[in-house]
Amino acid sequence: MELVAVDIGGTHARFALATVEDGRVTHLGEAVTLKTAEHASFQLAWEEFARQNGGTVPKACAIAVAGPVGGEVIKFTNNPWIIRPALIPEKLGAERYVVVNDFAAVAHAVAQAGEEHFIHLSGPDVSLPDHGVFSVVGPGTGLGVAQLWRHAHGYQVQPTEGGHIDYAPLDGIEDAVLARLRKRHRRVSVERVVAGPGIVDIYETLALIEGAPFIPRDDKAIWTLGSSGEDSLAAAAIDRFCLSLGSVAGDLALAHGASAVVMAGGLGLRIKDCLVRSGFAERFRAKGRFEQIMAQMPVKLITHPQPGLFGAAAAFAQANKD
């Protein structure tokens, strides 16, 4: 069956044609990226994608959205679009459709992507196991967390709100980061530290500890300066981010009863080299009496170029398999 896969974020909506068979994605076409600000509604963006494909598209779709998907109306934080799933057949002409959370789509991508789309980060350098629970963790604007369970009859995906568990510092520097955040937030979740914007508080905390003057910067600037090595304080902040991310990923793996962990997201790809050379692996396994168990757990990074689109198509394939 052919379908249209869609991945909608705040700034961009990505579309691609996909083919599925027997519960799996067999082909994903080239992605078309449209700016949400340039289209007054999702229906108009859909029609533009159809125009670019000769005026017709398959009568089936899979839509991944950045937000909750259970209600009658889906609204977006950073764009004015509204989607009413019940009206998809009428508005888009799609006789079959699936709407999933964007990070649930990523977990579906992890389940179906080939081994060539994963690189090793820590633990034993082996393939992901055929059975068991995986923790899927994605630092981005927020911290996406999902569970993936592979079993004899296929797999299941469970979206979670694991990015909102409490942050637990492990040393004096992280105590200082927490103290800084507590001045603004009654409760500090892990997302405040190990999502992209969290680098600002890490950077400014390190500056205060060093007693060094610093120029206030936004998160994008700190990531750029730290990744290039142009600013040693920003580079130190990224190293510290990786340490904290290792701790959080290990905590989630313990809570999920995981046998493997997969990191995901554009930020994960951007800092992959830092994750390997930093103390990420040591922090991941530093779980007291469970350290030996954690040391035997493979941690991978998914490198698929369009995990949202691929995962949306995979979710459709699973929902419509015979």
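Everything below is about the structure shown above.
(A) Representation of the overall build of the protein within the structure. Counting secondary structure elements, the protein contains 13 helices and 14 strands. Taking 20 Å as the expected radius of gyration for a compact globule of 322 residues, we find that the protein reaches 20 Å, a close match to that expectation. Taking all 322 residues of the protein together, the buried fraction comes to 50%. The distance from the centre of the 29 positive side-chain charges to the centre of the 35 negative ones in the protein is 5 Å.

(B) Structural context of the pairing of strand E13 (residues 260-263). Judged by which residues are buried, E13 turns out to be covered on both faces: Ala260 and Val262 on one side and Val261 and Met263 on the other are all buried. Where strand E10 (residues 132-139) lies against E13, four bridges are found, and the strand directions are parallel. When the sheet's bridge partners are listed, valine 136 is paired in E13 with valine 262. Note that E13 and strand E14 (residues 299-302) share three bridges and pair parallel.

(C) Local environment of the packing of helix H3 (residues 102-112) against helix H13 (residues 307-319). Put simply, H3 and H13 touch, their axes get as near as 7 Å, and they point 80 degrees apart. Relative to H13, H3 is oriented roughly perpendicular. In contact with Ala105, Val106, His108, Ala109 and Gln112 of H3, H13 contributes Pro307, Gly308, Phe310, Gly311, Ala312, Ala314, Ala315 and Gln318. The residue inventory of the contact of H3 with H13, partitioned by class, reads eight nonpolar, five polar and no charged.

(D) Examining the packing of aromatic side chains more closely. According to the stated counting rule, one finds seven aromatic pairs in the structure shown. Ring centres of phenylalanine 42 and tryptophan 81 lie 5.9 Å apart, and the angle between their planes is 45 degrees; this geometry places the pair in the tilted category. Pair noted here: phenylalanine 42 is in helix H1 (residues 42-52) and tryptophan 81 is in the loop between strand E6 (74-75) and strand E7 (82-83), with a separation of 39 residues, a long-range link. Look at tryptophan 81 and you get buried, because its relative accessible area is 1%. Geometrically, the ring pair formed by phenylalanine 280 and phenylalanine 284 is stacked, given 6.4 Å between the ring centres and 20 degrees between the ring planes. Placement of both phenylalanine 280 and phenylalanine 284 in helix H11 (residues 280-285) is noted, with a separation of four residues, approximately one turn of the helix. Among the residues examined, phenylalanine 280 registers a relative accessible area of 0% and is labelled buried.

(E) Layout of the sheet that holds E13. The mixed open sheet is built from six strands, whose spatial order is E9-E14-E13-E10-E11-E12. Lying at the two open borders of the sheet, with one neighbouring strand each, are strand E9 (118-122) and strand E12 (154-159). Going from strand to strand, the sheet's axes swing by 25 degrees on average, the running direction of each strand aside. Here E10 pairs with strand E11 (residues 143-151) via eight bridges, running antiparallel.

(F) The environment of alanine 317, seen in detail. Along the chain, the position of alanine 317 falls in helix H13. Taking the C-alpha atoms as reference, alanine 317 lies 25 Å from glycine 54; in sequence the two are 263 residues apart. Not counting residues within four places of it along the chain, the set of residues in contact with alanine 317 comprises Val20, Gly23, Arg24 and Val25.

(G) Representation of the pairing of strand E2 (residues 12-21). Alignment of strand E1 (residues 2-8) against E2, held across seven bridges, turns out to be antiparallel. Note that in E2 the partner of valine 6 across the bridge is phenylalanine 15. Linking E1 back to E2 in an antiparallel pair, the connection comprises three residues. Where E2 and strand E4 (residues 32-35) come together, four bridges link them in antiparallel fashion. Counted as the bridge partner of phenylalanine 15 is valine 32 from E4. Across four bridges, E2 lies against strand E3 (residues 24-28) in antiparallel orientation.

(H) The state of the cysteines, seen in detail. In this structure the tally under the stated criterion is zero disulfides. As a non-bridged cysteine, cysteine 242 has cysteine 274 as the owner of its nearest cysteine sulfur, 3.2 Å distant.

(I) The arrangement of the environment of isoleucine 165 in detail. By the element assignment, isoleucine 165 lies in the loop between E12 and helix H4 (172-182). For the pair formed by isoleucine 165 and glutamate 191, sequence separation is 26 residues and the distance between their alpha carbons is 8.1 Å. Excluding its chain neighbours within four sequence positions, the residues that come into contact with isoleucine 165 are Arg187, Val188, Ser189, Val190 and Leu252.

(J) The arrangement of unusual backbone geometry in detail. The backbone of aspartate 22 sits at a positive phi, close to 55 degrees, despite the residue not being glycine. You can see aspartate 22 is positioned in the loop between E2 and E3.

(K) Seen up close, a nonpolar patch on the surface. There is a patch of nonpolar side chains on the surface, built from Leu254, Phe290 and Ile293 and spanning about 270 Å² of accessible area. For phenylalanine 290, a relative accessible area of 40% puts it in the partly exposed group.

(L) Inspection of the side chain of lysine 300 at higher detail. One can find lysine 300 in strand E14. At 2.7 Å, the side chain of lysine 300 and the backbone oxygen of valine 126 are in polar contact. Not counting the four nearest positions on each side in its chain, lysine 300 is found in contact with Phe118, Ile119, His120, Leu121, Asp125, Val126, Leu128, Val261, Val262 and Met263.

Calculation criteria
- Residues numbered from 1 in each chain as written.
- Predicted model: local features only at pLDDT ≥ 70, side-chain atom pairs only at ≥ 80, totals over all residues.
- Heavy atoms only, no water.
- Helix = DSSP H or I, 4+ residues; strand = E, 2+ residues; numbered from the N terminus.
- Rg over C-alpha atoms; globule rule 2.2 N^0.38 Å.
- Buried < 20%, exposed > 50% of the residue type's maximum accessible area, 1.4 Å probe, protein only.
- Lys, Arg positive; Asp, Glu negative; His and termini not counted.
- Charge placed at Lys NZ, Arg CZ, Asp CG, Glu CD.
- Pairing = 2+ DSSP bridges.
- Axes fitted to C-alpha atoms, helices over the stretch in contact; angles between N-to-C directions.
- Parallel < 35°, antiparallel > 145°, perpendicular 65-115°, else oblique.
- Contact = heavy atoms within 4.5 Å.
- Nonpolar A, V, L, I, M, F, W, Y, C, P; charged D, E, K, R; others polar.
- Phe/Tyr/Trp six-rings, centres within 6.5 Å; stacked < 30°, edge-to-face > 60°.
- Disulfide = S-S within 2.5 Å.
- Patch = residues over 30% accessible without salt bridge, like charges linked within 9 Å, V, L, I, M, F, W, Y side chains within 5 Å.
- Areas by Shrake-Rupley, 256 points an atom, 1.4 Å probe, with all protein chains shown as cover.
- Salt bridge = Lys/Arg side-chain N within 4 Å of Asp/Glu carboxyl O.
- Polar contact = N/O pair within 3.5 Å; in protein donor to acceptor, adjacent residues only side chain to side chain.

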